[in-house]
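These are the residues of each chain, in order.
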Amino acid sequence: MAGSVIIPKSFPKSTLKQNFWQRYILLGLLANAAFGIVALLYLKLVPPTYTSHSAITLPEAGSAANVNLPNIGQASYENSSPYASSTRDPRENYKFIAQSEPVLSAAAKQLNMPLAKFGTPRIRIIDGTTIMTVDFRGATPEEAQNKSLAFYRAFEVKLNELRSEEALHREAGFQTALSDSWKKLETAQQRLSSYKADSGLNSNDQLKDLSNNIEQLRKQRVEILAQQQQANARLSQLSASLNLSDLEAVDAFTLQTDQIFQQNLKDYSEASANLSVLEAKFLPDNPQLVTEKAKKDAAQTALLDRSRYLLGKPVSQAVLHQLSLNSTNSDSARESLFQQLVTTQAEQKGFQAQAQATEQQIAQLQDRLNQLAQKEAVLDALKRDLQVSEAVFSSMLTRLDIGKSNAFGSYPLVQVITPPKLPENASWPKKEFVLLGATLGAVFTTTGVALLGLYQYRKIANKAKKSEV
């Protein structure tokens with residue numbers, strides 16, 4: 001370089017200086033010309049690159065569903081916003097999927113293009129928004145646009161595959177749990193049905209109906225007892241009117257209701273009446289009178305024997321006269337009283353029997369109520385188990401149906417807000433950048449050459465001074 005130049009002593013200094021700087025000026029011009037030529041060759045020889053711009057968005061809205069199941073329970077489902085978590089951004093997941101080899105290979109295959117030539121998209125996430133920009137480069141505007149379109153088709157296919165796989169895995173898990181829940185539901189139903197069949201208790205309404213029946217019978221029993229008391233009061237009154245005690249009234253009722261006694265009484269009365277007529281006509285030794293008297297005695301004996309059999313004690317003729325109606329010694333008033341006595345006694349006996357029957361029914365129903373009440377707790381427990389099983393099964397079934405309708409849980413819907421454009425101008429090389437680079441290179445080279453020349457000049461000048469000395 002200039003450091004190796006030997007300056008002859010015969011040359012004047014002005015000539016030496018002029019020759020020295022001519023070399024460096026020539027060197028700077030050559031360097032600047034080289035930058036210009038390289039820039040022109042770069043613009044002419046480098047093939048242009050076109051970029052197709054597009055943008056997509058991931059909606060942030062969440063979804064929820066709430067289903068009420070009458071008499072069973074409630075099933076709810078909520079899909080929160082994909083941006084609800086502060087530790088993850090679904091756009092980063094989508095960026096990774098978009099730049100993955102399966103997606104790019106599928107897109108390149110659509111264009112019959114090698115993966116290396118297809119390239120990788122430039123994806124940028126815009127902060128503070130839900131937007132992602134996607135840029136694809138191509139040798140022609142059509143190639144760049146076709147790459148973007150093929151990419152979006154492959155990207156959507158991949159997302160649908162991931163959603164389908166997720167849905168299948170989720171449904172498989174739900175189906176397993178649903179099968180277990182169905183088995184529990186069937187077991188609960190069988191247990192409840194078996195217990196109803198064995199216990200005879202079908203529902204809680206059965207206890208209510210049984211309690212209502214018992215209350216109705218108790219009311220009827222009270223009414224029957226009231227009627228029985230009224231019959232007892234009338235019976236006592238009639239007994240007093242007939243000058244009979246309560247026991248005698250009972251005996252009179254027993255005799256009056258026996259047909260054999262009444263027939264014997266009729267025979268005795270007829271024989272007595274006939275005997276009275278014959279005694280007025282004939283002497284005591286008259287055969288007809290003797291025969292009729294024998295009939296009367298036989299009827300009286302039969303009457304006494306029958307009354308003794310009915311009452312269970314010996315009864316005299318006087319007592320029979322007091323307890324029974326005899327046409328020979330009674331009037332119509334006493335006969336009417338005896339008829340009322342018989343009727344009232346029959347009513348009293350009927351009320352008493354009805355009251356006893358009602359008490360037996362109440363006791364039987366009360367025992368059954370107590371038994372069913374003890375079984376009611378078990379029935380309620382089995383019903384609760386069945387309701388819980390039904391609620392769990394229905395809830396899981398509802399969640400399964402809702403989950404099928406929500407296909408965008410883990411992979412939100414992608415919306416293309418700016419479709420791939422057909423670029424009008426090449427994105428590279430840019431003349432401005434090339435010229436700016438050449439200019440900066442020329443400036444830096446010129447500065448470097450000038451500084452180098454200045455350094456060499458000073459070095460030569462210093463050597464010349466030393467040689468003169």
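Participant: What should I look at first to understand the overall build of the chain in this one?
Facilitator: Scanning the chain from N- to C-terminus turns up twelve helices and six strands. Per-residue burial over the chain gives 31% buried out of 469 residues. In the chain, once contacts between residues fewer than 6 apart in sequence are set aside, the share between residues at least 24 apart is 76%. When the accessible area of the chain is evaluated, it comes to approximately 29,100 Å², of which 55% is carbon and sulfur surface.

Participant: What is the right way to read the side chain of Thr358 from this model?
Facilitator: Assignment of secondary structure puts Thr358 in helix 11 (residues 332–405). Once you skip the residues sitting within four places of it in the chain, Thr358 turns out to touch Leu217, Arg221 and Ile224.

Participant: How do you make sense of the nonpolar core when you look at a structure like this?
Facilitator: Across soluble globular proteins, you tend to see nonpolar side chains buried next to one another. Tyr94, Phe118, Met132, Phe151, Phe155 and Val414 are the most contacted members of the largest nonpolar core, which totals 24 residues. At the level of secondary structure, the elements contributing two or more residues to this core comprise helix 2 (90–98), helix 3 (101–110), strand 4 (122–125), strand 5 (131–138) and helix 5 (141–199). When residues no more than four places from it in sequence are discounted, the contact partners of Val414 are Ile56, Thr57, Leu58, Tyr94, Phe155, Glu156, Leu159 and Arg163.

Participant: Sorry, what's going on with the packing of aromatic side chains here?
Facilitator: Aromatic ring pairs are reported here in terms of the distance separating the ring centres and the angle at which the planes meet. A complete count under the given rule lists five aromatic pairs for this structure. Judged by centre distance (5.8 Å) and plane angle (85°), the rings of Tyr94 and Phe155 are edge-to-face. Pair noted here: Tyr94 is in helix 2 and Phe155 is in helix 5, with a separation of 61 residues, a long-range link. Like Tyr94, the residue Phe155 is buried in the burial classification. By the ring-pair criterion, three or more aromatic residues cluster together here, those being Tyr94, Phe118, Phe136, Phe151, Tyr152 and Phe155. Lying across the ring of Phe118, Lys147 places its NZ or CZ 5.8 Å from the centre.

Participant: Would you take a moment to explain helix 8 (residues 259–281) for this structure?
Facilitator: Residues spaced three or four apart along an α-helix face the same direction, because each turn holds 3.6 residues. Between its first and last C-alpha atoms helix 8 spans 33 Å; for 23 residues at 1.5 Å apiece the expected length is 33 Å, and the two agree. Taken as a whole, helix 8 has its buried residues at Phe261, Asn264, Leu265, Tyr268, Ser269, Ala271, Ser272, Leu275 and Leu278. With a side-chain oxygen positioned 3.4 Å from the backbone nitrogen of Ile260, the residue opening helix 8 is Asp258.

Participant: How should helix 2 be read in this particular structure?
Facilitator: Considered for burial, the residues of helix 2 that qualify are Pro90, Arg91, Tyr94, Ile97 and Ala98. Seen along its axis, helix 2 keeps its buried residues to an arc of 120°; they face one direction. If you follow the buried residues of helix 2, they end up packed against helix 3, strand 4, strand 5 and helix 5.

Participant: Looking at this structure, I do not really get the environment of Gly350. What am I missing?
Facilitator: Mapping Gly350 onto the fold places it in helix 11. Taking the C-alpha atoms as reference points, Gly350 and Ala231, separated by 119 residues in sequence, lie 10.0 Å from one another.

Participant: What am I meant to see in the confidence of the model for the chain here?
Facilitator: Detailed reading of the predicted coordinates is not advisable wherever pLDDT is low. In the predicted model, the chain carries a mean pLDDT of 75, and the fraction of residues at 70 or more is 72%. Between the elements of the chain, mean pLDDT differs from a low of 57, seen in strand 3 (residues 73–79), to a high of 90, seen in helix 3. Note on residues 1–11: pLDDT under 50 across the span, and nine contacts to partners over four residues away in sequence or across chains. Within the model, pLDDT remains below 50 along residues 325–330, and this stretch shows eleven contacts once partners closer than five positions in the same chain are excluded.

Participant: Where do I start with the pattern of salt bridges in this structure?
Facilitator: Pairing between side chains of opposite charge can happen when their charged atoms approach one another. In this structure the tally under the stated criterion is seven salt bridges. The partner of Arg221 in a salt bridge is Glu359, with the nearest N and O atoms 2.7 Å apart. Here Arg221, found in helix 6 (residues 204–241), pairs with Glu359, found in helix 11; they are 138 residues apart in sequence, far enough to count as distant. On the accessibility criterion, Glu359 (34% relative accessible area) is partly exposed. In this structure, Arg308 engages Asp305 in a salt bridge whose closest nitrogen and oxygen atoms are separated by 2.9 Å. Here Arg308 and its partner Asp305 are both found in helix 9 (residues 287–311), three residues apart, which amounts to about one turn of the helix. For Asp305, a relative accessible area of 41% gives the class partly exposed.

Here is what the cut-offs are and how they apply
Residues numbered from 1 in each chain as written. Predicted model: local features only at pLDDT ≥ 70, side-chain atom pairs only at ≥ 80, totals over all residues. Heavy atoms only, no water. Helix = DSSP H or I, 4+ residues; strand = E, 2+ residues; numbered from the N terminus. Buried < 20%, exposed > 50% of the residue type's maximum accessible area, 1.4 Å probe, protein only. Contact = heavy atoms within 4.5 Å. Areas by Shrake-Rupley, 256 points an atom, 1.4 Å probe, with all protein chains shown as cover. Core = buried A, V, L, I, M, F, W, Y, C linked by side-chain atoms within 4.5 Å. Phe/Tyr/Trp six-rings, centres within 6.5 Å; stacked < 30°, edge-to-face > 60°. Lys NZ or Arg CZ within 6 Å of the ring centre and 35° of its normal. Expected span 1.5 Å × (residues − 1). Polar contact = N/O pair within 3.5 Å; in protein donor to acceptor, adjacent residues only side chain to side chain. Arc of directions from axis to C-beta. pLDDT = per-residue confidence, 0-100. Salt bridge = Lys/Arg side-chain N within 4 Å of Asp/Glu carboxyl O.

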